[in-house]
Amino acid sequence: MSAADGGAPATESTTVLSALSTEQLIGSGQEGGLMDQVRAWVQRVRGGDMGALPAVAGFVVLSVLFTALSPFFFTERNFANLLTQAATLVMLGMALVFVLLLGEIDLSAGVTAGLTMVIFVVLVAVVNLNWILALAIAFLTGIAIGTFIGFFVAKVGIPSFVVTLGLFLGFQGLELIIIGAGGLYRVETPEILAIQNGTLPTWGGWVMLVVMLAVSATTSWIDRSRRTRAGVPNRTIALVWAKLITIAVLGGVVVLILNQNRGTGFKAIEGVPIVVPITLAILWLGTFVLDRTKFGRYIYAVGGNAEAARRSGVKVAAIRWSAFIVCSSLAVVAGLFSISKVGSVDAAAGRDIVLSGVAAAVVGGVSLFGGRGRLIHAAIGALVIAVITNGLGLLNLPAGVNYAVTGGVLILAATIDAVSRKRAGGSILRT
């Protein structure tokens, strides 16, 4: 599935080497004033690099549509419910981004999440192990699974589709062996249940927003100072302020809505769900790794052209191996979110979600061909799918319609990706 199979111009190896050698700089595309940046963005879109633009447009259109069709869609209660529903899919989609950027796939990510949570719950409920130790064992299991997949893909050379498909089938069998057909264990660890069902105090949401603004501002200033010291032009400062204002406005609206009482009984339910800051923290950390570390730059290089990256000195096999470990580790977090929401684990845990995770990443703008995409794209794609599921459910439409609509959106997103790559390739050839 790697994009490298199609070959690359001879000069691409030199380009990759030049990009990788400037390790202290943060690539930010074309520099210049605000209008220069706008024109450069329009040019990239016209050239086929649309990123998450289709997904964002789809999210807005769907939200407006369901708000008009259902009086319950745009309410405080449903807004919070939408975020908690999407959290598992957001995390799994972000996990898959690391392998999709390489042009690979992990069909076992969903059942990896399920199997590790089966192990966790059985250790707590049957063995009476401390939940923290049981969770550590679950994470170690996820790391071991990623190591296993990475070995056979990177070292043995078996296609990732085959290896992970085998594990997808095998892990379902292990779940049946551990739990038994029709078996089910309830999650009774309060700390785990609180992830999806607990909320921050009302002031906690505002603290979260302030931290987001502080981290974003600090990162931007550090990036600018490093580029200045290296003698590299910076983008206009207006872009930094625009980003901070956008975060402040959108974040403020979200926190304000979630701080409203959405309880139906005597007990007030208000505040940002605990799963939201956890997800945002992992999103920021993963984005930092991909954008600002050698490992992240190598992932994009390998996904763009593995042979060019290898000639530039990148240890391609190690990068592939590491990406599968990261993917399986984040899949464990997705499983944790899932059992916190559902409150139980059965022998079918994780069986149905992996393809939705791939769909989330692709719908958000992550390329199936490798080398293009960001974690935020997977998060946006997951929100689009969650809006479809949530909105159709509020309209009392059958589940079959949900699958059909989601499938159509996925095909449309994959088509946009393929067409945009062809347009980008044509632009390169014309220049």
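Residues numbered from 1 in each chain as written. Predicted model: local features only at pLDDT ≥ 70, side-chain atom pairs only at ≥ 80, totals over all residues. Heavy atoms only, no water.

- Looking at an unreviewed UniProt entry, one finds the protein chain named Xylose transport system permease protein XylH, with Agromyces salentinus as its source organism.
- Quoted verbatim from the Subcellular location (unreviewed entry) field of the UniProt record, the comment on the protein chain reads "Cell membrane". (UniProt positions renumbered as here; feature names shortened; annotations may be inferred.)

**Topic: the overall build of the protein chain**
1) Next: A tally of regular secondary structure across the protein chain gives 17 helices and two strands.
2) Next: When burial is assessed residue by residue, the protein chain has 45% of its 431 residues classed as buried.
3) Next: Considering only intrachain contacts with a sequence separation of at least 6, the fraction spanning at least 24 residues in the protein chain is 79%.
4) Next: When the accessible surface of the protein chain is totalled, it reaches about 20,500 Å², and 69% of it is carbon and sulfur. (Helix = DSSP H or I, 4+ residues; strand = E, 2+ residues; numbered from the N terminus. Buried < 20%, exposed > 50% of the residue type's maximum accessible area, 1.4 Å probe, protein only. Contact = heavy atoms within 4.5 Å. Areas by Shrake-Rupley, 256 points an atom, 1.4 Å probe, with all protein chains shown as cover.)

**A word on the pattern of salt bridges**
1) Next: Across all of its chains, the model carries five salt bridges by this definition.
2) Next: The residue R374 makes a salt bridge to D291 at a minimum N-O spacing of 2.8 Å. A residue pair is termed long-range when its members are at least 10 positions apart, and R374 in the loop between α15 (354-364) and α16 (375-394) and D291 in helix α11 (residues 275-292) qualify at 83 residues.
3) Next: Take R374: its relative accessible area is 33%, and that puts it in the partly exposed class.
4) Next: Since its relative accessible area comes to 18%, D291 is described here as buried.
5) Next: A salt bridge links E307 to R311; the shortest N-O distance between them is 3.0 Å. One end of the pair, E307, and the other, R311, are both in helix α13 (residues 306-311), four residues apart, so they sit about a helical turn from each other.
6) Next: Given the relative accessible area of 61%, R311 is considered exposed.
7) Next: Salt bridges here are not isolated pairs; linked through shared partners, they connect E307, R310 and R311. (Salt bridge = Lys/Arg side-chain N within 4 Å of Asp/Glu carboxyl O.)

**Side note on a nonpolar patch on the surface**
1) Next: Among the surface-exposed residues, W221, I237, W241, I245, V249, L250 and V253 lie close enough to one another that they form a single nonpolar patch of about 670 Å² accessible area.
2) Next: Here the nonpolar patch takes six residues from helix α10 (residues 237-258), the largest share from any one element.
3) Next: With respect to the helices, strands and loops of the structure, I245 is situated in helix α10. (Patch = residues over 30% accessible without salt bridge, like charges linked within 9 Å, V, L, I, M, F, W, Y side chains within 5 Å.)

**Considering the packing of aromatic side chains**
Each aromatic ring pair is specified by the distance between its two centres and by the angle formed by the two planes.
1) Next: Per the counting criterion, the structure on display carries six aromatic pairs.
2) Next: Measuring from centroid to centroid gives 5.8 Å for F66 and F73, while their planes differ by 40°, and the two rings are tilted.
3) Next: In this structure F66 comes out as buried when scored by relative accessible area, which is 5%.
4) Next: Plain terms: the ring middles of F151 and W321 are 5.9 Å apart, the flat faces sit at 55° to each other, and that makes the pair tilted. With a gap of 170 residues between them, F151 in helix α6 (residues 131-156) and W321 in helix α14 (residues 316-342) connect regions that are remote in the sequence.
5) Next: Chaining the aromatic ring pairs together yields one cluster made of F148, F151, F152 and W321. (Phe/Tyr/Trp six-rings, centres within 6.5 Å; stacked < 30°, edge-to-face > 60°.)

**A word on the side chain of D106**
1) Next: Structurally, D106 is set in the loop between α4 (76-100) and α5 (109-125).
2) Next: The side chain of D106 sits in the buried core without any salt bridge; R320 is the nearest counter-charge, 13 Å away.
3) Next: There is a polar contact of 2.6 Å between the side chain of D106 and the side chain of S108.
4) Next: A distance of 3.4 Å separates the side chain of D106 from the backbone nitrogen of A109, its partner in a polar contact.
5) Next: In contact with D106, not counting residues within four places along its chain, are L96, V99, I149, T164, F324, C327, S328 and V354. (Lys, Arg positive; Asp, Glu negative; His and termini not counted. Polar contact = N/O pair within 3.5 Å; in protein donor to acceptor, adjacent residues only side chain to side chain.)

**Quick word on the packing of helix α8 (residues 190-197) against α14**
A pair of packed helices is characterised by two quantities: the angle between their axes and the separation of those axes.
1) Next: Look at α8 against α14: their axes get within 7 Å of each other, and the N-to-C directions meet at 85°. One way to sum up the angle between α8 and α14 is to call them roughly perpendicular. Residues I192, L193, A194, I195, Q196 and N197 of α8 form the contact with α14, whose own contacting residues are L336, F337, I339, S340 and K341.
2) Next: Of the residues contributing to the contact of α8 with α14, the split by class is seven nonpolar, three polar and one charged. (Axes fitted to C-alpha atoms, helices over the stretch in contact; angles between N-to-C directions. Parallel < 35°, antiparallel > 145°, perpendicular 65-115°, else oblique. Nonpolar A, V, L, I, M, F, W, Y, C, P; charged D, E, K, R; others polar.)

**Re the packing of helix α9 (residues 202-229) against α10**
1) Next: Between α9 and α10, the shortest axis-to-axis distance is 10 Å and the interhelical angle comes to 170°. With respect to each other, α9 and α10 are oriented roughly antiparallel. The crossing of α9 and α10 is right-handed. Contact residues: α9 offers G205, W206, M208, L209, M212, L213, S216, A217, S220, W221 and R224, while α10 offers I237, V240, W241, K243, L244, I247, A248, G251, G252, V255 and L256.
2) Next: Here the residues of the contact of α9 with α10 are counted per class, giving 15 nonpolar, five polar and two charged. (Left-handed = near helix turned anticlockwise from the far one by under 90°.)

**Brief notes about the confidence of the model for the protein chain**
Keep in mind that low pLDDT regions are not for reading the predicted coordinates in detail.
1) Next: Per-residue pLDDT for the protein chain has a mean of 84; in total, 87% of the residues score no lower than 70.
2) Next: Confidence drops under a pLDDT of 50 for residues 1-30, and excluding neighbours within four residues, the segment shows 56 contacts in the predicted structure.
3) Next: Note that residues 426-431 has pLDDT below 50 and, in this model, one contact with residues that lie over four places away or in other chains. (pLDDT = per-residue confidence, 0-100.)

**Quick word on the nonpolar core**
1) Next: Judged by nonpolar contacts, the single largest core of 100 residues is most densely connected at L96, F120, V302, I339 and V345.
2) Next: Per-element accounting of this core gives the leading share, 16 residues, to α4.
3) Next: Per-domain counts for this core show at least three residues from each of domain 1 (68-198 + 304-416) and domain 2 (199-272). (Core = buried A, V, L, I, M, F, W, Y, C linked by side-chain atoms within 4.5 Å. Domains from an automatic or database assignment.)

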